[in-house]
Amino acid sequence: MRRRTGFLVIGSGIAGLSFALKAGNHGKVTVVTKKSSVESSTNYAQGGIATVMDVEHDSFESHIKDTLEAGAYLNDLDVVETVVREAPDRVKELIDIGVEFEKTENGSFDLAMEGGHHQRRILHVADLTGAAIERALVNACEKHPNVTIIENAMSIDLITTRKLRLSLEEDECLGAYIFDKKSGKISTYLANVTVLATGGCGQIYLYTTNPSISTGDGIAMAYRIGAKVRDLEFVQFHPTTLYDQERVAFLISEAVRGEGGILMTISNYEEFLESGEDDPEKFSFMKDYDERGSLATRDVVARAIDRELKKSGDRYVYLYLLHLDKEHVKERFPHIYNTCLKYGVDITKQPIPVVPAAHYMVGGVAVNKNGQVIRRDDPNHVINRLYAIGEVACTGLHGANRLASNSLLESVVFAHRSYLDSLKYLENPVEIPLEEMPLWDASKYKPIDEKVLLKHDFDEIRRLMWVYVGIVRSGLRLQRAIRRLNLLEEDISHYYWNYILNEDLIELRNVILVARLIVEASIQRKQNIGLFYNIDNEKREK
Ligand code: FAD
Ligand code: SIN
């Protein structure tokens, strides 16, 4: 089947829906999303959205400085300034559609603190900020007469003039092939503007805070049509996820440390109990790593925990909150309190066992300041009619490490900038008749008899990425990883080109490509900076 739409938005998280809502005022918007409309990383965001709202105590300059410091100054300064300065207007738009950020008794915003920030500037809705934003955006889009959200619709590949050999000079995106998970049918969508808003790729790792949708589809789709990708070696590991036997990697928000939570090894904790002292911070291993102690940036904290666990052979460290007011903890973090309780940890009575897990992809599809996707073969040019926004994109905001709560912010700012820029294509719509668009020929493919092999391949990739391409890397580990990934990629490619498509196969093809790109980028980087750490660089730098 062939369909035509004004704007094709791939992904229904904060980035895709923010774009869709605005573009809907100018034409028909089709949002395709591979699960239910709310299922996204956005929906699980806890901490909040960083914005300078309290101009008496905070300033744009301070937010800019914190973003640059966290990013080890590898950030694009112009992008940092733009995002920070445009932030309040974009956040006000979220409030206008019904997001009720928490307020104090005097009516001002209840601003939270997180690692790497020097001011309280995180707007939040208890510890369920993302769910509140996602709900408001889905509601607003559902009410919009020009916006249609199609669930269980999975984009397989983008269609471009180059791929169709219609033009070899200029490159234009014409839409995408969309797989309907229920019927197994594949439709061709033709659009004046296509927007990749597919989120991150945490599922490439065995332990991750990300939901199952985060398989790097957008990075892979963009790469396959010749888009430039960048900074993929910068994978952010969140330092604190709940340790339990099932390793669910449930996030314990950084805001918990912002409220005074303290990291201790098991032996730090025992010493603290024996000492009878009342200041737990004195016992934290974190003071040996950073003057900010437990509130250091994530890269520092995750590496410190990794180091301590390797030294001690322990399976987790503790996040200690027992010196904080119990009622405040329950009220401020109801979701964390209730979820930990389900896993047998009462955070008002015992310290929380925590471990790091893959959390956020700092790199991604390279875009310019308007979210347009840059060409790999010619970085001075873009692929026309194609935008990438949200976690899938790399705008240069984060540099070598993302400052906490800057991701939701980047998504709304870039959704807006892309929306404004994309309007130029409406004056000049795609002229190709719908009947001339290619159809996916499913007849030549065989049914897969052993789907279980796809699951095994996925498990193998996730495990090897965790072991060989984790928080601390080495040349030897990266070489091992690439050899194994190359073998797996051959097998997966054989499946892809010979068998009938299903969801697992589409994802697996993306996962293996993105995993390989992460390893290749890691091999290329010869300096330890921000999130990136290779012990061989350490030896060379000494
Ligand atoms: P997502 O919200 O992940 O949405 C991606 C969408 O794309 C989904 O709808 C998905 O189904 C769809 N999709 C993917 N592939 C396809 C495909 N092939 N075809 C069709 N649809 C597809 N950031 C902050 O700033 N503050 C926080 O407090 C915070 N907390 C976090 C807590 C957790 C547990 C996690 C996982 C992340 C957190 N982050 C936080 C990061 C932030 O939530 C994400 O970076 C951000 O939500 C990404 O938004 P997005 O719209 O780009 O992608
Ligand atoms: C958290 O709440 O710790 C997550 C914040 C983020 O990823 O920005």
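Please refer to the structure placed before this passage.
Since the model is a prediction, treat every value here as computed from it, not as a measurement.

A. Looking closely at the sheet that holds strand β11 (residues 262-264). What the 4 strands build is an open sheet, ordered β10-β13-β12-β11; its pairing is antiparallel. In this open sheet, the two strands that pair with only one neighbour each are β10 (235-242) and β11. Each strand axis lies, on average, 45° off the axis of its neighbour in the sheet, ignoring direction.

B. Expanded view of the packing of aromatic side chains. Under the definition given, this model contains 16 aromatic pairs. Aromatic pair Tyr387 and Tyr425: ring centres 6.4 Å apart, planes at 70°, arrangement edge-to-face. Of this pair, Tyr387 sits in strand β16 (residues 382-388) while Tyr425 sits in the loop between α11 (407-422) and α12 (452-468), and the two are 38 residues apart along the sequence. Lying over the aromatic face of Tyr223, Arg376 brings its terminal NZ or CZ to 3.8 Å of the ring centre.

C. Here's a closer look at the site of ligand 2. Neighbouring ligand 2 are the residues Gln46, Gly47, Glu114, His238, Leu251, Ser253, Glu254, Arg298, His359, Arg402, Ala404 and Ser405. Side-chain polar atom of Arg298 to an oxygen atom of ligand 2: 3.0 Å apart, as the coordinates give it. Within the side chain of Arg402, one N or O atom sits 2.8 Å away from an oxygen atom of ligand 2. Calculation on ligand 2 without its partners gives an accessible area of 260 Å², and the protein chains cover 93% of this total.

D. Just the packing of helix α13 (residues 475-498) against helix α14 (residues 503-524), in detail. Axis separation between α13 and α14 bottoms out at 9 Å; the angle between their running directions is 155°. Accordingly, the angle class assigned to the pair α13 and α14 is roughly antiparallel. In terms of crossing hand, the pair formed by α13 and α14 is left-handed. Where α13 approaches α14, its residues Leu478, Gln479, Ala481, Ile482, Leu485, Asn486, Leu488, Glu489, Ile492, Tyr495, Tyr496 and Trp497 are matched on the opposing element by Leu505, Leu508, Arg509, Ile512, Leu513, Ala515, Arg516, Val519, Glu520, Ser522 and Ile523.

E. Fine view of a positive patch on the surface. On the surface, a cluster of positive charge is made up of Arg477, Arg480, Arg483 and Arg484. When you line up the elements, Arg483 lands in helix α13.

F. Layout of unusual backbone geometry. A positive phi is found at Tyr73, a non-glycine position, where the angle reads about 60°. One non-glycine residue, Ser405, lies in positive phi territory at about 65°. Secondary-structure assignment places Ser405 in the loop between β17 (393-394) and α11. By relative accessible area, Ser405 is classed as buried at 8%.

G. Representation of the sheet that holds strand β9 (residues 229-230). Reading across from one edge, β9-β14-β17 is the order of the 3 strands in this open sheet, with mixed pairing throughout. Where the open sheet ends on each side, the last strands, each with one partner, are β9 and β17. Here 2 bridges tie strand β14 (residues 364-366) to β17, and the two strands are oriented parallel to one another. By the bridge assignment for β17, Val365 is matched with Ala393. Packing against the sheet, helix α5 (residues 217-224) makes contact with β9 and β14, and its axis sits at approximately 40° to β14.

H. Structural view of a negative patch on the surface. On the surface, Asp459, Glu460, Glu490 and Asp491 cluster together into a negatively charged patch. Going through the elements one at a time, α12 and α13 are the ones with two or more residues in the negative patch. Looking at where Asp491 falls in the secondary structure, it is placed in helix α13. Exposure remark for Asp491: the relative accessible area of 43% places this residue in the partly exposed category.

I. Structural detail: the site of ligand 1. Contacts to ligand 1 come from 38 residues, most closely from Thr42, Gly48, Asp217, Glu391 and Ser407. The separation between a nitrogen atom of ligand 1 and a polar main-chain atom of Gln46 is 3.4 Å. A distance of 2.9 Å separates an oxygen atom of ligand 1 from a polar backbone atom of Gly47. In isolation ligand 1 has 1,000 Å² of accessible area, and contact with the protein removes 98% of it. In terms of residue count, strand β6 (residues 153-160) provides more of the shell around ligand 1 than any other element does, 3 residues in total. Partitioned by chemical class, the residues of the shell around ligand 1 number 13 nonpolar, 20 polar and 5 charged.

J. Examining the nonpolar core more closely. Counting residues in each nonpolar core, the largest one holds 79 residues, and the members touching the most others are Ile461 and Met465. In this view, Ile461 contacts Ile204, Leu485, Leu488, Ile492, Leu508, Val511, Ile512 and Ala515; residues no more than four positions away in its chain are not counted. The next biggest cluster of nonpolar side chains, apart from the first, holds 50 residues, and it includes Leu111, Val138, Val413 and Tyr425.

K. Examining the packing of α12 against α14 more closely. One can describe the packing of α12 onto α14 by two numbers: an axis separation of 10 Å at closest approach and a directional angle of 25°. In this view, α12 runs roughly parallel relative to α14, as classed from their interaxial angle. The interaxial crossing formed by α12 with α14 has left-handed handedness. Residues Leu454, Lys455, Asp457, Phe458, Ile461 and Met465 of α12 touch α14, and the partners they reach there are Asp504, Leu505, Leu508, Val511, Ile512, Ala515, Ile518 and Val519. Of the residues that constitute the contact of α12 with α14, the class distribution is 11 nonpolar, no polar and 3 charged.

L. Layout of the pairing of β6. In terms of burial, β6 is a largely internal element, 8 of the 8 residues being buried. As judged from the 7 bridges shared by β6 and strand β7 (residues 173-180), these two strands associate in the antiparallel manner. Opposite Leu158, over in β7, you have Ala176 as the bridge partner.

M. Inspection of α13 at higher detail. The end-to-end C-alpha distance of α13, which contains 24 residues, comes to 35 Å, matching closely the 34 Å that a straight helix rising 1.5 Å per residue would cover. Those residues of α13 lying buried are Leu478, Ala481, Ile482, Leu485, Leu488, Glu489, Ile492, Tyr495 and Tyr496. At its buried positions, α13 is contacted by β6, α12 and α14.

N. Structural view of the side chain of Arg417. Mapped onto the elements of the fold, Arg417 is located in helix α11. Owing to a relative accessible area of 16%, Arg417 belongs among the buried residues under this scheme. Residues within four places of Arg417 in sequence aside, it is in contact with Thr82, Glu86, Lys369 and Asn370.

Analysis parameters
- Residues numbered from 1 in each chain as written.
- Chains lettered and ligands numbered in written order.
- Predicted model: local features only at pLDDT ≥ 70, side-chain atom pairs only at ≥ 80, totals over all residues.
- Heavy atoms only, no water.
- Pairing = 2+ DSSP bridges.
- Helix = DSSP H or I, 4+ residues; strand = E, 2+ residues; numbered from the N terminus.
- Axes fitted to C-alpha atoms, helices over the stretch in contact; angles between N-to-C directions.
- Phe/Tyr/Trp six-rings, centres within 6.5 Å; stacked < 30°, edge-to-face > 60°.
- Lys NZ or Arg CZ within 6 Å of the ring centre and 35° of its normal.
- Near = heavy atom within 4 Å.
- Polar contact = N/O pair within 3.5 Å; in protein donor to acceptor, adjacent residues only side chain to side chain.
- Areas by Shrake-Rupley, 256 points an atom, 1.4 Å probe, with all protein chains shown as cover.
- Parallel < 35°, antiparallel > 145°, perpendicular 65-115°, else oblique.
- Left-handed = near helix turned anticlockwise from the far one by under 90°.
- Contact = heavy atoms within 4.5 Å.
- Patch = residues over 30% accessible without salt bridge, like charges linked within 9 Å, V, L, I, M, F, W, Y side chains within 5 Å.
- Salt bridge = Lys/Arg side-chain N within 4 Å of Asp/Glu carboxyl O.
- Lys, Arg positive; Asp, Glu negative; His and termini not counted.
- Charge placed at Lys NZ, Arg CZ, Asp CG, Glu CD.
- Buried < 20%, exposed > 50% of the residue type's maximum accessible area, 1.4 Å probe, protein only.
- Nonpolar A, V, L, I, M, F, W, Y, C, P; charged D, E, K, R; others polar.
- Core = buried A, V, L, I, M, F, W, Y, C linked by side-chain atoms within 4.5 Å.
- Expected span 1.5 Å × (residues − 1).

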